[in-house]
Amino acid sequence: MSSETSSETSAEFTRLLEYLRNTRGFDFTGYKVSTLMRRMRKRMGEIGIATYAEYTDYLEVHPDEFGQLFNCVLINVTTFFRDPEAWQYVAEQVIPRILEAKSPEVPIRVWSAGCASGEEAYTLTMLLAEAMGEEAVKARVKIYATDADEEALTQARLAAYEDRQVTDVPPELLARYFEPVRGRHVFRKDLRRSLIFGRHDLVQDAAISRIDLLICRNTLMYFNSETQSKILARFHFALAKNGYLFLGKAETLLSHGGSFRPVDLKRRIFQRTQNVNTRDRLLAISPVAAGDVGASVRQVRLREAALERGPIAQIVVDRRGYLVFANQQAQKLFGLVAADLGRLLQDLEISYRPVDLRSAIDRGYATRDTIRIGDVSWSGRSAEIFQLELQVSPIEDEDGGFLGASVSFLDVTRAQTLKLELERAHQDLETAYEELQSANEELETTNEELQSTVEELETTNEELQSANEELETMNEELQSTNEELRAMNDQLHQRSEDVNQVNDLLESILGSLNVGVAVLEPNLSVAVWSQRAEDLWGLRKEEAIGRPFLKMDIGIPLTRLKQPIRDCLAGTSEGGERVSIDGVNRRGKPIRCQVTCTLLEESNGRPHRVLLVMAESPRSESQVS
């Protein structure tokens, strides 16, 4: 594709997004472009549209298409107790901590963001009922379940699920919290009143406040990094003090370590910290029209990047004593790692070596002034000794309260004899820093590609799960059809046995008669040949059935029977026609054979057939002569 064509396609795509925002109030600009374009092209292919401009025109003429498009873009795949190990941790660790921190009369507020068809919201309701009792849930708990998809919310409000949708609900919980209604499982109405379902756009709408537990699983991965930062800033604002955030297994907080501390990183459970940086405050309150947050946020990021890469070692501790920031110089000087962020300062070596930092920070809070500590020696893990000057500066908010404290470590080593060596070392350090920076950029690029791959795989997994559910439904239908076929086969088998019994009875009756019996088809081929006929003419049933009767050699001139048989078929003979024929039986004995032709009439529409009864009577001597 040429650059001109690509630019034209991008412009058409942008106009389509603007049309969706202006007509339906849904802003997709925060979504990842590659994923969004792929899903829209999929929907366009289903209805035979090639370009975004044509699709915009199609939406203007067919308003019902909006629902189909949103269903394609917003993949609502969720189940009860999805990732059971994570839900078990919530039940055993998170919910008890929330209950312990609150007095019995204080309400508990929960938010399920991106709730889709409601399974996770009802899962949490059951866990809370198990932990605190059903009556306490009715009296104290409010669960806000929101989503941008109205169709999914309609299904969630009904609270009615099919058998395949509740397979992951433990049997005892299914029996306790669901009621069978017309072949479906309906969540109990008395507990259903604790849930409030509503439409909410995480990108545009204001956050719900004072939340004790916020669940947003496998939703953030659909947004780009800018939008994720904005949403996470709003989540921080929404959560109450020490509130918990429960994310999906494919999501983490790579850029918000100062706002949330990991409680259990494997299960993606985090806790709100009291620290809020300026950028997050701007992200939480910035309007949608700001686009990518605006120049003010970029300036904040620039200041943060400058602080991170500054030449002076610096750390920041929040008011509760948690380490929330350590720039590159501080990490290098004191051996700090990324995992130390979010830990209590008192649990780290830097709190007492090279100096008692906690006492200095407390003095800073008490005096509301910068505390300076000089002539501090520090060797760290190397043999080189540094002379440091510490500056502890309390950080105040607009109301005069303390947000935390900043600690700077200034290297004031004045050893003149080492000046030239230090200059050379500085040059080497700059070269190494540039190489590390280049390697870091390459790693960041690789990380972005890997993140994109993980997100695509997660999306593919969601689609495969949806396809698997459809296949399970088809399998159930095939099993039902197979059972019906098996029942029909049993009926046919029974009928076959009945027919065999009738045939056996008929054979017994024919065998008991002292006459030979044959039944001819309309084309005069043999259809029935009795045992007595075999004994009379010496021709076995297998040799007779299916052969033309008039061409068989059985010891009597069959040509004499040709006309009587045809008269029977034509219906000209009444009561049957009897013919006496001289012949020889199978033992070579001369006999006179009395042959009676009778027309067999059938009521099921089949052609008439002829019944031949052949009775043997010995010939007298006069007849022989």
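For the structure, see preceding data.
Residues numbered from 1 in each chain as written. Predicted model: local features only at pLDDT ≥ 70, side-chain atom pairs only at ≥ 80, totals over all residues. Heavy atoms only, no water.

1. Considerations on the overall build of the protein chain
Formally: In this text, helices come from DSSP runs of H or I with a minimum length of four residues, and strands from runs of E with a minimum of two, each type numbered from the N-terminal end. Each residue gets one of three labels from its accessible area relative to the maximum for its type: buried under 20%, exposed over 50%, partly exposed in between, using a 1.4 Å probe on protein chains only. It only takes one pair of heavy atoms within 4.5 Å for two residues to be counted as in contact. In these tables, accessible area is a Shrake-Rupley quantity obtained with a 1.4 Å probe, and a residue counts as shielded only by the protein chains included in the view.
Regarding its fold elements, the protein chain presents 20 helices and 20 strands. Classification of the 625 residues of the protein chain by burial places 40% in the buried group. Long-range pairs, those at least 24 residues apart, make up 59% of the contacts in the protein chain with a sequence separation of at least 6. Surface exposure of the protein chain reaches about 34200 Å², of which carbon and sulfur atoms provide 50%.

2. Structural notes on the pairing of strand β15 (residues 402-411)
For the record, the criterion: Pairing between two strands is assigned when DSSP locates at least 2 bridges connecting them.
Counting buried positions along β15 gives seven out of ten residues, so the element sits mostly inside the fold. Sheet topology note: the strand β11 (residues 313-318)/β15 ladder contains six bridges and is antiparallel. Following the sheet pairing, V317 is matched in β15 by A405. Direction of pairing for strand β14 (residues 386-396) relative to β15: antiparallel, over a ladder of nine bridges.

3. Looking at the packing of aromatic side chains
Threshold: Only centres within 6.5 Å qualify two rings of Phe, Tyr or Trp (six-membered ring in Trp) as a pair; their planes then separate them into stacked at under 30 degrees, edge-to-face at over 60, and tilted for everything else. The rule is short: NZ of Lys or CZ of Arg within 6 Å of the ring centre and within 35 degrees of the ring normal puts a charge over the ring.
Scanning all chains against the criterion turns up 13 aromatic pairs. Ring geometry for W111 versus F235: centroids 5.8 Å apart, planes at 80°, classification edge-to-face. Highlighted residues: W111 in strand β1 (residues 108-113) and F235 in helix α11 (residues 225-238), separated in sequence by 124 residues. For W111, a relative accessible area of 1% corresponds to the buried category. Each ring, one from F334 and one from W378, has its centre 5.2 Å from the other, and the planes form 45°; the classification is tilted. Of this pair, F334 sits in helix α14 (residues 328-334) while W378 sits in strand β13 (residues 371-378), and the two are 44 residues apart along the sequence. Here F334 matches W378 in class, with each residue buried. An aromatic cluster of three or more residues is present, and its members are F80, Y122, Y161, F178, F187 and F197. Taking NZ or CZ as reference, R319 lies 4.2 Å from the ring centre of Y365, over its face.

4. Regarding the environment of D535
Inspection of the secondary structure assignment puts D535 in helix α17 (residues 531-537). Residue D535 is classed as partly exposed on the basis of its relative accessible area of 30%. Separated by 20 residues in the primary sequence, D535 and V515 place their C-alpha atoms 9.8 Å from one another.

5. Describing the nonpolar core
For clarity, the threshold we go by: For our purposes a nonpolar core is just a set of buried Ala, Val, Leu, Ile, Met, Phe, Trp, Tyr and Cys residues, chained together by side-chain atoms within 4.5 Å.
Judged by nonpolar contacts, the single largest core of 44 residues is most densely connected at F80, M126, L128, V169, F178 and L213. A total of eight residues in this core trace back to one element, the largest contributor, which is helix α6 (residues 119-132). If near-sequence neighbours (up to four positions away) are discounted, L128 is found in contact with I95, V110, G133, V137, V141 and I143. Counting residues in hydrophobic clusters, the runner-up holds 29 residues, among them I350, L357, I373 and F386.

6. Some points on the pattern of salt bridges
Oppositely charged side chains can pair when the atoms bearing their charge come close. Rules: A side-chain nitrogen of Lys or Arg and a carboxyl oxygen of Asp or Glu constitute a salt bridge if their distance falls within 4 Å.
Enumeration over the complete set of coordinates arrives at 23 salt bridges. One salt bridge connects R43 with E46, and the closest N-O pair in it is separated by 2.8 Å. In this pair, R43 and E46 both sit in helix α2 (residues 33-46), three residues apart, roughly one turn of the helix. Residue R43 is classed as buried on the basis of its relative accessible area of 11%. As a salt-bridge pair, E543 and R540 come within 3.2 Å of each other at their nearest N and O atoms. The exposure class of E543 is partly exposed, given its relative accessible area of 30%. A relative accessible area of 47% means that R540 is categorised as partly exposed.

7. Some points on the side chain of D340
Rules: Identification of polar contacts relies on pairs of N or O atoms within 3.5 Å, with a donor-acceptor requirement for protein atoms, meaning one able to donate a hydrogen and the other able to accept it, and with residues adjacent in sequence counted only if both atoms are side-chain atoms.
Among the structural elements, D340 can be located in the loop between α14 and α15 (357-367). For D340, a relative accessible area of 10% gives the class buried. For D340, the side chain forms a polar contact with the side chain of R343, separated by 3.1 Å. Not counting the four nearest positions on each side in its chain, D340 is found in contact with L323, G335 and L348.

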